[in-house]
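Understanding the architecture of this molecule
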Number of protein chains: 2
Amino acid sequence: MSAPLSMFCGLSAFPLTPADAEGRLQPDALAALIERLCAAGVDSIGLLGSTGGYPYLTREVRREAVRVAVEVAGGRAPVIVGVGALRTDAAQALARDAEAEGASGVLLAPVSYQPLTEAEVAQLVESVAGASGLPLCLYNNPRTTGFTFSEALVAQLSHLPRVAAVKMPSGVPDLPQQIARLRASCAEGFAIGYSGDAGAPEVLLSGADGWFSVIGGLLPAPALRLARLAAAGEVEAAKALSDELAPLSGLVQEFGGFRVMYAAARIKGLAVCDPPRPVLPLPAEVLPRLEAALAQAPAC
Amino acid sequence: MSAPLSMFCGLSAFPLTPADAEGRLQPDALAALIERLCAAGVDSIGLLGSTGGYPYLTREVRREAVRVAVEVAGGRAPVIVGVGALRTDAAQALARDAEAEGASGVLLAPVSYQPLTEAEVAQLVESVAGASGLPLCLYNNPRTTGFTFSEALVAQLSHLPRVAAVKMPSGVPDLPQQIARLRASCAEGFAIGYSGDAGAPEVLLSGADGWFSVIGGLLPAPALRLARLAAAGEVEAAKALSDELAPLSGLVQEFGGFRVMYAAARIKGLAVCDPPRPVLPLPAEVLPRLEAALAQAPAC
């Protein structure tokens, strides 16, 4: 029995990609965020995920971000890189760039404008998985891509070479059953992980391999503690910690992790930048709630 | 009383943007499509719309396409150019490019990855409308952008300088009522148009100013005749012509105009190219239906 690749297990922390208003990387701010994740000991870094704003950045900036992150991580945590793009050839090029810069894996969302069919997404995945030697995690993010991976499609794709994991969306009503169905139908050693900060303990307590966390990108210590408690089956302690993070995950749910994390990074002095327009910063009147939520979050 | 700008009235025909597998423009094929539209006498050309695959093309290719289209049109039909992009600054640059190449207007869809709020879309529209001196048409295309313009937002934006028209999605259950509500709330002289090939006669018979047509991008003669019949209130003749086009508009609805038009252009010998991957060509088993639908479409 092969075990899932460890880079897709445990806590994968998704940092912002600090950039200026013109989309130029702020390498020092990114380096500081990556250092923070490595120091906390996260299981992997989800660079250039949705929270990392990958579709808003040029190929050159994305490559530069991988270079910075891999260098700072220095092997302490694997760097998984989002390589989604509207065109298949662009996503392939991004996967090759990630590999050339020393990334450990890639994350692929079927970014779309024209709504895509299952056959189209299957061919996209096969094309991008074949473009580099890196293991690939499917990124099922219907909210941003407009495409929903069916469980049957995930199972089908799990048998392709290098397709090693899936990042499923949160909020599934029958989580343990879904995990069981996926385990039964996917390839052996295929890692099953979930996004979503609000339901974090449930995800790991239900037997998922990985938890992909937006909050973990900025507050890695409490997120990691939560992941460890849940993995150890410490239900009460995990839920108590999750409750302390609830005001923050509530804001993420209400305003989107993207807007909330920019404001949080600014409040904590970790990065001074705004989301790429047309996305606007978190409304000023929400900042006191965010400040309170951050103050309440345990330092661990 | 000011009348809507004529470029946003009548039939706006949306051609493909022929390009090779790497996304390089095929200028001769584009020129042939534009010539066909001008020869038929369409009221405007909707260049680089969804059917024109604008988000899949680089800024350079989009600019080149505007240059070719404006040159071929030679003033016979105004060229309205899609300038949507994920970043506000990119959309602004595209609007300036379109103006520099002699376009008559721009079409703006709020392309998104992170779902956008109304405030964000309002600021995007204002920013892009302010980037050039060209009149702007709002592009309400929830299927591709994930964002739906409320009637209230359209009305609000219609009062901004240079925001001159809206392209609404088809399939509204209460079309005449919606047009009446928009007329009552939007700025004077604001043009109200609709997409959608299946319901074409209804759109113009219901008093809309413009009809934005995918089929018109390839078969401008029957589309224009349909528009003229409907505008003249020739209900029976318009519906009869629409019925002849129904097999084609049915395929557009079933497989998406993007896939269908590439295959149709190839069958008619107008352009030999495929949609940009990951979008796949129309399945081979559907081609006989498309051939029959094209054969049935009147030449007019």
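Looking at an unreviewed UniProt entry, chain A carries the name 4-hydroxy-tetrahydrodipicolinate synthase, with the source organism given as Pseudoroseicyclus aestuarii. According to its UniProt record, chain A has this under Sequence similarities (unreviewed entry): "Belongs to the DapA family."

Re the sheet that holds strand E1 (residues 10-13) of chain B
Strands pair in a sheet through their backbones, by hydrogen bonds, and they do so in one of two ways: parallel or antiparallel. Residue and element names in this part refer to chain B. Strand order in the closed barrel made by the eight strands is E1-E2-E3-E4-E5-E6-E7-E8, with parallel pairing throughout. Neighbour-to-neighbour, the strand axes of this sheet turn through a mean angle of 25°, independent of strand direction. As paired elements, strand E5 (residues 136-139) and strand E6 (residues 163-168) share four bridges and run parallel to each other. Note on E6: the bridge partner recorded for Leu-136 is Val-163. Along the sheet face, helix H2 (residues 59-73) touches strand E2 (44-47) and strand E3 (79-82) and points at about 170° away from the line of E3.

Side note on the relation of the copies chain A and chain B
With an axial shift of 0.0 Å and an RMSD of 0.0 Å, the rotation relating chain A to chain B amounts to 180°. Here the symmetry operator amounts to a two-fold rotation axis. Identified as the residue of chain A closest to the rotation axis by C-alpha distance is Gly-146 of chain A, at 3.6 Å. Interface overlap between copies is the fraction of interface residues in one copy that are interface residues in the other; for chain A against chain B it reaches 100%, indicating a shared surface.

Comments concerning the packing of aromatic side chains
For the coordinates displayed, the defined rule picks out ten aromatic pairs over all chains. When the ring of Phe-147 of chain A is compared with that of Phe-149 of chain A, the centres are 5.3 Å apart and the planes differ by 90°; the resulting orientation is edge-to-face. The two residues Phe-147 of chain A and Phe-149 of chain A agree in class, both being buried. Judged by centre distance (5.2 Å) and plane angle (85°), the ring pair of Phe-258 of chain B and Tyr-262 of chain B falls under edge-to-face.

Let's talk about the interface of chain A and chain B
How big an interface is tends to be expressed through the accessible area that disappears when the partners come together. With 33 residues of chain A at the interface, the matching set in chain B holds 34 residues. It is Arg-87, Tyr-113 and Gln-114 of chain A in chain A that bury the most area against chain B; as a group they hold 27% of the surface buried on that side. With a closest N to O distance of 2.7 Å, Glu-120 of chain B and Arg-259 of chain A form a salt bridge. Remark: the boundary between chain A and chain B carries 24 residue pairs in polar contact (both at pLDDT 80 or more).

Considerations on the side chain of Thr-144 of chain A
Position of Thr-144 of chain A relative to the elements: it lies in helix H5 (residues 142-145). Within the structure, Thr-144 of chain A has its side chain in polar contact with the side chain of Tyr-113 of chain B (distance 3.3 Å). Setting aside its immediate chain neighbours within four residues, Thr-144 of chain A contacts Ser-50 of chain A together with Tyr-113 and Pro-115 of chain B.

With respect to the UniProt feature "binding site: pyruvate" (unreviewed entry) in chain A
Residue and element names in this part refer to chain A. Within this numbering scheme, the UniProt entry marks Thr-51 as carrying the feature "binding site: pyruvate" (unreviewed entry). Tracing the backbone through its elements, the reader meets Thr-51 in the loop between strand E2 (44-47) and helix H2 (59-73). Excluding residues that lie within four positions of it along the chain, Thr-51 makes contacts with Phe-14, Pro-15, Leu-16, Thr-17, Val-214, Phe-258 and Met-261.

Regarding the UniProt feature "active site" (unreviewed entry) in chain A
Listed under "active site" (unreviewed entry) in the UniProt record, and renumbered for this structure, are Tyr-139 and Lys-167 of chain A. In sequence the annotated residues extend across 29 residues, while in space they remain close, none of their C-alpha pairs exceeding 5.0 Å. With respect to the element layout, Tyr-139 of chain A can be found in strand E5 (residues 136-139). A residue is classified by how much of its surface remains accessible, and Tyr-139 of chain A, at 3% relative accessible area, is buried. Setting aside its immediate chain neighbours within four residues, Tyr-139 of chain A contacts Ser-50, Tyr-54, Leu-107, Leu-108, Ala-109, Pro-110, Phe-149 and Lys-167 of chain A together with Tyr-113 of chain B.

Some words on the pattern of salt bridges
Residue and element names in this part refer to chain A. Inspection of the entire model under this criterion finds 30 salt bridges over all chains. Note that Glu-101 and Arg-63 form a salt bridge whose closest N and O atoms lie 2.7 Å from each other. Taken together, the residues Glu-101 in the loop between helix H3 (88-100) and strand E4 (105-108) and Arg-63 in helix H2 connect sequence positions 38 residues apart. For Arg-63, a relative accessible area of 29% corresponds to the partly exposed category.

Regarding the packing of helix H10 (residues 235-255) of chain B against helix H11 (residues 257-267) of chain B
Residues and elements named next belong to chain B. Running from N to C, H10 and H11 point in directions that differ by 130°, and their axes come no closer than 7 Å. It follows that H10 is oblique to H11 by the angle criterion. Side by side, H10 and H11 meet where Leu-248, Leu-251, Val-252 and Phe-255 of the first sit next to Gly-257, Arg-259, Val-260 and Met-261 of the second.

So, the sheet that holds strand E8 (residues 210-213) of chain A
Residues and elements named next belong to chain A. One closed barrel accounts for eight strands, arranged E1-E2-E3-E4-E5-E6-E7-E8; its pairing is parallel. On average, adjacent strands in this sheet sit at an angle of 25° to one another, irrespective of strand direction. Bridge analysis of strand E1 (residues 10-13) against E2 gives two bridges, and the strand direction is parallel. Within E2, the residue paired with Ala-13 across the bridge is Ile-45. Where helix H4 (residues 118-129) meets the sheet, its contacts fall on E4, E5 and strand E6 (163-168), and the angle it forms with E5 comes to roughly 155°. Packing of helix H6 (residues 151-158) onto the sheet brings it into contact with E5 and E6, and relative to E6 it is tilted by some 160°.

Analysis parameters
- Residues numbered from 1 in each chain as written.
- Chains lettered and ligands numbered in written order.
- Predicted model: local features only at pLDDT ≥ 70, side-chain atom pairs only at ≥ 80, totals over all residues.
- Heavy atoms only, no water.
- UniProt positions renumbered as here; feature names shortened; annotations may be inferred.
- Pairing = 2+ DSSP bridges.
- Helix = DSSP H or I, 4+ residues; strand = E, 2+ residues; numbered from the N terminus.
- Axes fitted to C-alpha atoms, helices over the stretch in contact; angles between N-to-C directions.
- Contact = heavy atoms within 4.5 Å.
- Least-squares fit on C-alpha atoms with pLDDT ≥ 70 in both.
- Phe/Tyr/Trp six-rings, centres within 6.5 Å; stacked < 30°, edge-to-face > 60°.
- Buried < 20%, exposed > 50% of the residue type's maximum accessible area, 1.4 Å probe, protein only.
- Buried area = accessible area lost by both parts, 1.4 Å probe.
- Salt bridge = Lys/Arg side-chain N within 4 Å of Asp/Glu carboxyl O.
- Polar contact = N/O pair within 3.5 Å; in protein donor to acceptor, adjacent residues only side chain to side chain.
- Parallel < 35°, antiparallel > 145°, perpendicular 65-115°, else oblique.

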